[in-house]
Structure formats: structure tokens, C-alpha cells
Amino acid sequence: MNNRAYIAADNDGQPILKFLLRELKPKGKALTPFNIISVPIILLGVVLIVYRFIYGIGSITNLSQDMPWGLWIGFDVVTGVAFAGGAYVLTFMVYILNMKKYHSIVRVTVLNGFLAYLFYAGALLLDLGRPWNVINPIIGNNFGVSSVLFLVAWHFLLYMVAQLIEFSPAIAEWLGARRARKILSGMTLAAVIFGITLSMLHQSGLGALYLMAKEKIHPLWYSEFIPIMFFVSSIFAGLSMVIFEGSVSHRIFADQISDKHQKAQAGIIHGLAKVCTGALFAYFFLQVLVFLHGKNWVYINTPMGYWFLVEMLGFVLVPMLLFFYSYRKGNIFLIRLASIVTMVGVVLNRLNVTVIGFRWDAAVHYVPSWMEIVVTLTVLFTEIWIFRWVINRMPVLRESPKWVNETKTNQVSVVDHRRA
Amino acid sequence: MDLNRRSFFKVMGATGLTLAVGKDLKASPKAGKEKEFYGVLYDSVRCKGCRGCEYDCADANGLPEPLPNKEIKGLRKPDEFHRTVVNEYKTSKGIVYAKMQCMHCNEPACAAACLTQAMTKTQDGPVIWRGDKCMGCRYCMVSCPYDTPKFEFHSANPKIQKCTMCYETRVQKGELPACVENCPNEALMFGTRRELITEARKRIVENPDLYYDHINGEHEAGGTCWLQLSPVPFHELGVKTVSNESYPSMTKGFLYSVPSVFVLVPALLLGIQQSTKGNSLKEDNEDE
Ligand code: SF4
Ligand code: SF4
């Protein structure tokens, strides 16, 4: 019997189409504050996107010949992907280091990561002037293999596939496809290993994109070590996002979460805070080394120098100490605060490299137009909508259906179980 | 165990793919080194600032006609409507004119950046742009140290505009680039890069009072096919200071590390996974 037939047959005998149609309908209240804010913005964003495709990128952005990349690349793509780094760090901890404790948040993190890539990397398409040629580097008639962007784009694509495989057991459980679930979860470890490798390369690759812009980026932010900096900071960027997102979803989707998970939450947050402290420390140390190595003292007593100090002290050193202190004290509230400060710091850092410090010396500095911001929010809100849709339907936060545990009684594979 | 062996092979398969790509990488930038590059020598000492080349360029490339002298205020830069501009500079030696356009680097950052090979270094030296391949990502603009490529931000079918040394339209047919052919003051000279450097040196040696002793483009950005002579230090002519290192070499370290990461990291991860497996089983029992 093929898998399709299984899917249809397993789903309590319901025809799959009917099931999908029913699931497509919205659930829950329509007039939540989030909906009231996000719907008009999304609608406006869609209008702006249509306008942009008719009248050109310049019609809604403040980009210029001197500033070819702005908010859409600097924030949506470069920053968004850094925050999506939580998925590879967590899969590393759970599947490679076998730290069982974090298993219950893997799914939601992978889902978050996958959607982030889909939308934020997808935002790249909005920024392409000639998107119809995007097929060229993919189907292989023109491989620019010496291009960092080529590497990054391919890694985005492959990593999305890996994440989809990592997440697919949840989809199978939702559809009630038992056999498919077994096959898919058997592929998890391979997907995880592949995904971690890809992530290391493209997280640093996003930094490597800017290596040739040597004279254009302020020397305090440019060094040949940008790729390493981007990689290390993606660890705590991703985990801070996991902590933050976890505390939000635990409130909003409280009905989805079993008691067991609720209780495990504190332990998880503690553990993550510890990892964040370490990663932040390594990052701070690297920054200091690069600073000394680059003999950057000369720039410190300038406006950009003060700005650099704000970033390094206020948003790297302070959250590091805060994380350290709060996990020692076991203070969940402070950990959450630290994660928010860290996230602000990551946004600052990415924007400093890509937007603020890029052409810092230009006579007229680029400031994004309100329309660029609306489009960015549109991307963000649409992602949250999809996220919410999935959470309310698939076993992401809640427990897997009963049959999952029943069917796997005597196959003890490391990968193939999902429990609190 | 069975499962792990299988996944290991899957991972190795993927690695093979990247290794193959990694190999191409080493071959690409060097191509064409055997053949001599052509280029242009522009001499600011001879240039009288007539801006004839601007008009010829616009004409040859279907761009709008440049503004007349009296409407020009201040210094201009090439943009999406002007692939080249000639500016007037007040320097330590009085008024000097300088032409700006793509430098046609020997190892162009733009071509290394381009993920579709739309921007490409031809065997003969000129760096050209091909619209049927370009996806408009503008990474070439981010990477070019001279800010040469310009993008039509206000078009639904935007093109990258930059000097192509008239490669496809004229040079390949054995003609001179439009600007070179029409310059009334012989300020522009077309030839092989080697010939041009010899000629430039000769001019400097024969007239040391007239020339500043440097050929812009001999070493800049790893060497460029477009060369420039000047009576004054080049910064007085608004020439950007760029490093002498080739720009693509700045990303090579990163790109070359990719194949080894793809071999080492998966193996390492699998190793760690195997060695921590015991812990999990122990924990398992505790849990259940
Ligand atoms: S000057 Fe810029 S556009 Fe011209 S060849 Fe060099 S890198 Fe490319
Ligand atoms: S804008 Fe076009 S030519 Fe420039 S890097 Fe992108 S694809 Fe290549």
C-alpha cells in the first residue's frame, strides 16, 4: 500500500480533503488585538508590494546607488535569519548531545525557524529587481560558485528542506499518517546533522557577504572576522529568541500546553540561559580581540565609537552579566529580560554592519521609508499568522496523539521519540 | 545502529555534492590569465574636458543625452543614465579633468559577487553585464570597491548600468570603444594592458614635470584594465583609495573552508551523537 492511501485511511477514516478543508477554517476569536493591528498592516503591505512590482523598487524604498541594500536585507534577511538560529542550536543539543530536557521545545523552535526562513529569506525575493531570473542559479545554468550570496541562497533552500523534514513528523501526526510518520522521523538525525552544518556555514556566510565591502563599512564593524562573529552571535540570538518566544507562547497558547511541559519550562529556560552566558562571553571576548588586533582605539572617541561602546557594553556585556546573575539566582523574570536585551543587541549589531555603519560617512544617510517598514511588518505578521495557524492544529506545543507512543513500543531509536 | 549507518551515507552523499562545487571554485577566477587583457589608458594631462566621450557613450549605449555644460553644478558621479562622466577639479596644478567609469578590474569584485554570472570578466579583459542572467540582487553594487554598477531603481524591468568597454557592441567586432574612437585630444588609448603600462611609464619618464608618478590601476584592487595618468595626486581627482589586494581574495578564505566544513562537521556531529547515546538511555530509564 502506498503512503497516500495510508494517510487517507489513518485519519479516522475521514477523506483527507474534507479534513483539510475543515482545518483551513480559522479557529478562535476574530477580534483579538493582534488581529486588529496586523490585518490592516498586511493589507497595506500587499498593496505596496504590488505597487513596487509595477513601478520599481525605488518607488517605495529609500534605496539609492550608494545604498543598494537597506532594511529588507539588513533587517528581514540578515537579522531574521540570526534569530532563526535557535533551531540549529537546539537540535544540536537534543539530537547530538542527547540533552533530553529540551526535547519538548524542539518542535516549536524548528517550526519557528522554518517559517522564519520561509518568510525572511523569502523577503529576499521582494528585493530582487529581476526576480524572474532567480531560477538561473537554482537550476544550474549559471552557477556563480565564487559568490558568497550563491552559497547563502543555496544553503537557505537546503536548510528549509532539512527543517521541513525535522518538522514533518508533526504534520504526519496532524494528518494521522502513521506509516509516513515512522519513515519521516527516521530521517530526523540525518536532517539534523545536515541542518547544523548548513547553519554554521550560512550564518557565517551572511557576514561573509559583506567582506568585499571593506571600505564601505565602518572599521569598528568591519574585520575579516565578520563571518565568525555572525556565527557566534547567531547562537545567543537564536536562543534568546527561543526564551522570548517560549514565554510568549506559554501565555497565548496556554491551552495547548500540558502540565508536564509547563513544569519543565523553568528548567529549560535555566539551561538556555547558561548556554547564552557562555556564547555571549565567547562573543565579547572575540570582539575585544578583534578590536585590539585592528588597533581600533583611534575610532573610539568619535560618535560612531560611542555607538560601538553602547552596543558592546550595553547590549553584549550587560545581558551577559544579567544572564549569568539570573541563572545563578534562578530568576526567570531576569532571564527573560536578559533575552530581550540580547535580542535588541543583535538587531543593533546586524543593522550596524548592514545599514547604520554601511556608508556611515555618506553625506545623506539612508533611512528606511515608512513603506519599507510596513512591508517588513507585513512579512513579520504574516509569519505570525501562519505560526498561529499551525500551532492551533498540529501537535507542536501539545502532546503527540496517543498512537505515536503505542506504535513505537519496541523500536528504541534515539531519534524517534517525542515526550516530555 | 542500522539507522545511523544509513543516515551517515545520506550525509556523505550531500558532502560529495558540495565537494564537487568546491572544486569548480578554484578554477574560476584565474581563467583568462594566459591571454593578455585589453584595456584603456586615460590621460588626465591630455584631457581638455570637452565631454565628447560622455555623448558618444550615451549614443553608443542608448542612454539619454548628457546635460550641457552650463546646467552642470558641482561634481557628478556615473549613475543609471550615465555610464561615464567627466568632472572638472580644482587642484594644486589648476583645473584638471578626470573621467570616471568602471575600472574593469583584473579580478573584479562584482563578478565574484554575482551569483548568476551575469556580471562577468571576459577573456579579453572588459567586464560585462548580461541581462538575461541577472536577478537584480545588487550584490555587485555592494561589493564593487569603486561603486560602479548602477541600478535602475525606478523601473519594473530594471537593468544594471555600467561601462562595458563596448565589448559586445564594438570591441568584439574589431572596433574601438566609442569613447576611445572619438576623443579629439587622444586622451584615451586602447591596447593590451602591457602595452598601455609601457606607454604610461614612457609618458611619465619623458615629462616628469607634467605627470604625477603613479599609474592608477596598475596595482589598485589587484590591478585594473582601465589605467589613468594624472598631473596631480589621484585623491585630488576624487579617485577612491582602494586596497591593492584583489577583492575576491577577501572572501576566498571563507569559501575555501566550505568543503572542509562539509566533511568534518557531519562526521564530528555523528561521533558526538554516538558517544552521548548512552546518556540518553540512562536518562530514559530514570524517566520511565
Ligand atoms: S570597477 Fe567595480 S564594476 Fe568595474 S570591474 Fe571593478 S568591481 Fe566590477
Ligand atoms: S544585480 Fe545582477 S549582476 Fe549584480 S550581482 Fe546581482 S545578479 Fe549579478
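Just so we're clear, the structure is a prediction, and the values are computed from it rather than from any experiment.

Parameters and conventions
- Residues numbered from 1 in each chain as written.
- Chains lettered and ligands numbered in written order.
- Predicted model: local features only at pLDDT ≥ 70, side-chain atom pairs only at ≥ 80, totals over all residues.
- Heavy atoms only, no water.
- Near = heavy atom within 4 Å.
- Nonpolar A, V, L, I, M, F, W, Y, C, P; charged D, E, K, R; others polar.
- Salt bridge = Lys/Arg side-chain N within 4 Å of Asp/Glu carboxyl O.
- Helix = DSSP H or I, 4+ residues; strand = E, 2+ residues; numbered from the N terminus.
- Buried < 20%, exposed > 50% of the residue type's maximum accessible area, 1.4 Å probe, protein only.
- Expected span 1.5 Å × (residues − 1).
- Polar contact = N/O pair within 3.5 Å; in protein donor to acceptor, adjacent residues only side chain to side chain.
- Domains from an automatic or database assignment.
- Contact = heavy atoms within 4.5 Å.
- Buried area = accessible area lost by both parts, 1.4 Å probe.

### Remarks on the site of ligand 2
Neighbouring ligand 2 are B:Cys114, B:Thr116, B:Ala118, B:Trp129, B:Cys134, B:Met135, B:Gly136, B:Cys137, B:Arg138, B:Cys140 and B:Ile160. Along the lines of polarity and charge, the residues of the shell around ligand 2 split into 8 nonpolar, 2 polar and 1 charged.

### Re the pattern of salt bridges
Following the criterion strictly, the structure yields 20 salt bridges over all chains and no others. In this structure, the salt-bridge partner of A:Arg359 is B:Asp147, at a minimum N-O distance of 2.6 Å. Of this pair, A:Arg359 sits in the loop between helix H16 (332-356) and helix H17 (370-391) while B:Asp147 sits in the loop between helix H4 (139-143) and strand E6 (150-151), each in a different chain. A residue is classified by how much of its surface remains accessible, and A:Arg359, at 9% relative accessible area, is buried. Residue B:Asp147 is classed as buried on the basis of its relative accessible area, which comes to 12%. The partner of B:Glu218 in a salt bridge is B:Arg201, with the nearest N and O atoms 2.4 Å apart. One end of the pair, B:Glu218, is in the loop between helix H6 (193-206) and strand E9 (226-229); the other, B:Arg201, is in helix H6, and 17 residues separate them in sequence.

### Points about H16(A)
Here H16(A) is 25 residues long and its end C-alpha atoms lie 33 Å apart, about the 36 Å a rise of 1.5 Å per residue gives. Regarding H16(A), its N-cap is A:Asn331, as a side-chain oxygen of that residue lies 3.0 Å from the backbone nitrogen of A:Phe333 further along.

### A closer look at the domain arrangement of chain A
Residues and elements named next belong to chain A. According to the domain assignment, chain A consists of domain 1 (30-62) and domain 2 (70-359). Of note, the centres of domain 1 and domain 2, computed from C-alpha atoms alone, are 26 Å apart. Contacts between the two partners involve 6 residues from domain 1, matched on the other side by 7 residues from domain 2. In total, about 430 Å² of surface goes out of reach between domain 1 and domain 2, with carbon and sulfur atoms giving 76% of it. Area buried by domain 1 at its contact with domain 2 is led by Arg-52, Phe-53 and Ile-57, which between them contribute 67% of it. Partitioned by chemical class, the residues of the side of domain 1 that touches domain 2 number 4 nonpolar, 1 polar and 1 charged.

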